Amino acid sequence: MKIIDTLIKIKSDTMPPKNSYIEMKIRESGIEPIRWAIVEIQNNEMTLSVAGIKI
């Protein structure tokens, strides 16, 4: 098991999105999240700082 720390970008049509939506998008990117934080928002795109297990 390897823990990675990375930035990912996701889009959402509704702001603010629900936590479940954000975590679903993180899993779709191949990471099982341990922790995440929104670090930037521009229009409907968010940059997330994510630490998790690569799946």
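Refer to the structure presented above.
Computed from a predicted model, the values in this text were never measured in an experiment.

> Can you lay out the pairing of strand S3 (residues 45-54) for me, pointing to particular residues and giving the numbers?
Counting buried positions along S3 yields seven of ten residues, so the element is predominantly enclosed. Here strand S1 (residues 3-11) runs beside S3; their pairing, made up of nine bridges, is antiparallel. Looking at the pairing, isoleucine 8 lines up with leucine 48 of S3. Counting the residues that bridge the hairpin from strand S2 (residues 31-42) to S3 gives two residues, and of these asparagine 43 lies at a positive phi of roughly 55 degrees.

> Residue-level account of a nonpolar patch on the surface, with values.
On the surface, a cluster of nonpolar side chains totalling about 260 Å² of accessible area is made up of Met15, Ile38 and Ile41. Relative to the assigned elements, methionine 15 resides in the loop between S1 and helix H1 (19-28). A relative accessible area of 36% places methionine 15 in the partly exposed class.

Conventions used here
Residues numbered from 1 in each chain as written. Predicted model: local features only at pLDDT ≥ 70, side-chain atom pairs only at ≥ 80, totals over all residues. Heavy atoms only, no water. Buried < 20%, exposed > 50% of the residue type's maximum accessible area, 1.4 Å probe, protein only. Helix = DSSP H or I, 4+ residues; strand = E, 2+ residues; numbered from the N terminus. Pairing = 2+ DSSP bridges. Patch = residues over 30% accessible without salt bridge, like charges linked within 9 Å, V, L, I, M, F, W, Y side chains within 5 Å. Areas by Shrake-Rupley, 256 points an atom, 1.4 Å probe, with all protein chains shown as cover. Salt bridge = Lys/Arg side-chain N within 4 Å of Asp/Glu carboxyl O.

In short, the description is geometric, and any link to function would need to be established separately.
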